[in-house]
Structures are given as C-alpha cells and as structure tokens.
Amino acid sequence: MGKILISADSACDLFPDLYTQFNIHIIPLSIHMEGKSYLDGIEIKPDDIYASVLRCKRIPATSAPAPGTFYMAWKPYIQQGYEIVHLSMNSRFSCSYQNAKIAAQELLGVSVIDTKSISTAMGLLILQAVRMRDEGASAQEITQCVRKMRKRLRTEFLLDTLEYAHKGGRCSVLQMFGANLLRLHPCLKLNERGELSVSKKFRGSFSLAAMEYTRYMLDFPHIDGKRVFVSHTGISAPVLDRVTEQVKASGMFQEVLVTRSGCAISCHGGPNTLAVFYMTTAEESE
C-alpha cells in the first residue's frame, strides 16, 4: 500500500498531543477578533476569546482556510507520493469542506469527506481513519468506511447559556431571555445530515444540568463502547471531574478521553459547553 496522510481542519479539537501521537495533519481555521486574525490553536486560545467578549461585547468570527491554504499544505505530501484523506467539519457550518474540495481538484490523490459533524465527534471519525491507515487500508477504503460511519455518531451537546448564540445572531433576544429566566440549558443535536436542533432542555444550575445531561447521554441503547470523548469549552474542575467519573463508572467504554474544545466551538457555544460524544453500533444505523 502507498503512503496515506490523514488531514483535518482544526475544528476537530483533538489538539497537539493527539495530533502528534496519531500523525494527523491539521489545517487551522482563522479567528477574527478586535480587528486582527489569528490561527486557531496556534495564535489564539479559547480563553482569549472569552476575555475579548467581556471587553468588547462582541463574538469573534471564524473563517475557513482558503483553497490556496489547503493546496499549499497538501502539495508537498503529494510530491512525496502520499495519498491524502481529509476530514472536514460540517459543511452546513463552514465553507471549509467546499474550499478543501476546490483545492483537491488541483491535486491528484486527495479525498475530502464532509463529516457532517464538529469537535471531537469529528475526532472519532479521524481516529477511525488513523486506525485503518495503520492497518494498511487504502485511501479509498478509508474514505468509504468513514462516510458510512458518520451516520453512527451521536452528537449532542449541552449549552450553559444562549448568550453567545444570541450575540452571534443565532437566537432571538426573546429566546435568550426565556431560557435564562427559566434557568434552562438547551441540549443541541446534530443529525446525520448535519442539521442542528434542540433535542432536550435541562433546568436548574449548570452543575445539575451537566449531570442530568450525562445520564441522558449514557441512557441510549446501541452505544459502541470502544471510545468516548468528554469535551468542554472550559467548565469548572469539580463539574468536569464529576462528569468524567460518571462516564467512567458506567463501565460502558474501553477508552475515555477528556479534551478542551478549541476556538471554533468556543465562539459558537461560549464557556460551559459540554459534550459526551461516542459512536453507536451498526445495528442502530441500519
């Protein structure tokens, strides 16, 4: 088999230790804040975003890598004889997928996949692609498998507040006021087509909502117990520890990975966004 490079945009939130461990090539999104642009995860961190929002009362904007950025990142690998499988964030949220497709048209041997997902839900698919690469699968086999497996993602995440969604133009003042007044924390779901909807609402303090959300996520049937991500945009250590222990104590997963989400998710969800991401079994997707 030839050499294969697994590539992804930075919205996958796997971060440097996992990028290095699994040899994943990351192409960063850009964050536009207070008149300047920064590379996600390289020149800016989520806490910088939160500090800016407190100062300016404005949510930074995110933008996808340009087609030329993808081209220049991939060309040296193509010249070295690699085939490339690139996994992109949900095309409904960003033009990263479209820009990657444009770049791929100029290079032989690049496959681009719309994961229909975000954050470490994307990461689950990327780690599957890595495993297949290391086991000797072809680029075509990896691409076909990942496109099937994206239907098996369970992607639901808990928001503490709608403030960031409101400031970013994604909910009305009335919706935000009603949620805050009633102390409601929405759980948002991404379906297999990449469409976002509210699946459930949790009432009370965020700490209580986080535990209820975790129980809710662990109560689904047909869970694939190989791996789970507990991802967050910056929640208190005691809450994170309780959620993580709850997931581990369930005994449902062989591997529990805890990650801090990056700038893209932080811009849209704000602090205290929590996710328990895993795959479902093939039986549920059939």
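Before reading further, recall that the structure is shown in the block above.
Residues numbered from 1 in each chain as written. Predicted model: local features only at pLDDT ≥ 70, side-chain atom pairs only at ≥ 80, totals over all residues. Heavy atoms only, no water.

Asks: An account of the pattern of salt bridges is requested, with residue identities and associated values reported.
Replies: According to the stated counting rule, one finds ten salt bridges in the structure shown. Linking arginine 133 and aspartate 134 is a salt bridge whose minimum nitrogen-to-oxygen distance equals 2.9 Å. Judged by its relative accessible area of 14%, arginine 133 falls in the buried class. Residue aspartate 134 is classed as exposed on the basis of its relative accessible area, which comes to 56%. Notably, a salt bridge pairs arginine 227 with glutamate 255, separated by 2.9 Å at the nearest N-O pair. Residue arginine 227 is found in strand S11 (residues 223–232), and its partner glutamate 255 is found in strand S12 (residues 255–260); the two are separated by 28 residues along the sequence. Given a relative accessible area of 30%, glutamate 255 falls into the partly exposed group. (Salt bridge = Lys/Arg side-chain N within 4 Å of Asp/Glu carboxyl O. Buried < 20%, exposed > 50% of the residue type's maximum accessible area, 1.4 Å probe, protein only. Helix = DSSP H or I, 4+ residues; strand = E, 2+ residues; numbered from the N terminus.)

Asks: Account for the sheet that holds strand S4 (residues 36–39), naming residues and giving values.
Replies: A sheet is described by the order of its strands in space; here three strands give the open sequence S4-S3-S5, paired in antiparallel fashion. Sheet topology places S4 and strand S5 (61–63) at the edges, where each strand pairs with a single neighbour. Neighbour-to-neighbour, the strand axes of this sheet turn through a mean angle of 30°, independent of strand direction. (Pairing = 2+ DSSP bridges. Axes fitted to C-alpha atoms, helices over the stretch in contact; angles between N-to-C directions.)

Asks: Got a sec to walk through the packing of helix H5 (residues 119–134) against helix H6 (residues 139–149)? Specific residues and values, please.
Replies: For any two helices packed against each other, one specifies the crossing angle of their axes together with the interaxial distance. One way to put it is that H5 packs onto H6 with a least axis distance of 10 Å and a crossing angle of 150°. Classified by the angle their axes make, H5 and H6 are roughly antiparallel. The handedness of the crossing between H5 and H6 is right-handed. Residues Leu125, Gln128, Ala129, Met132 and Arg133 of H5 lie in contact with H6, whose contacting residues are Glu141, Ile142, Cys145, Val146 and Met149. Class assignment of the residues belonging to the contact of H5 with H6 gives a composition of seven nonpolar, one polar and two charged. (Parallel < 35°, antiparallel > 145°, perpendicular 65-115°, else oblique. Left-handed = near helix turned anticlockwise from the far one by under 90°. Contact = heavy atoms within 4.5 Å. Nonpolar A, V, L, I, M, F, W, Y, C, P; charged D, E, K, R; others polar.)

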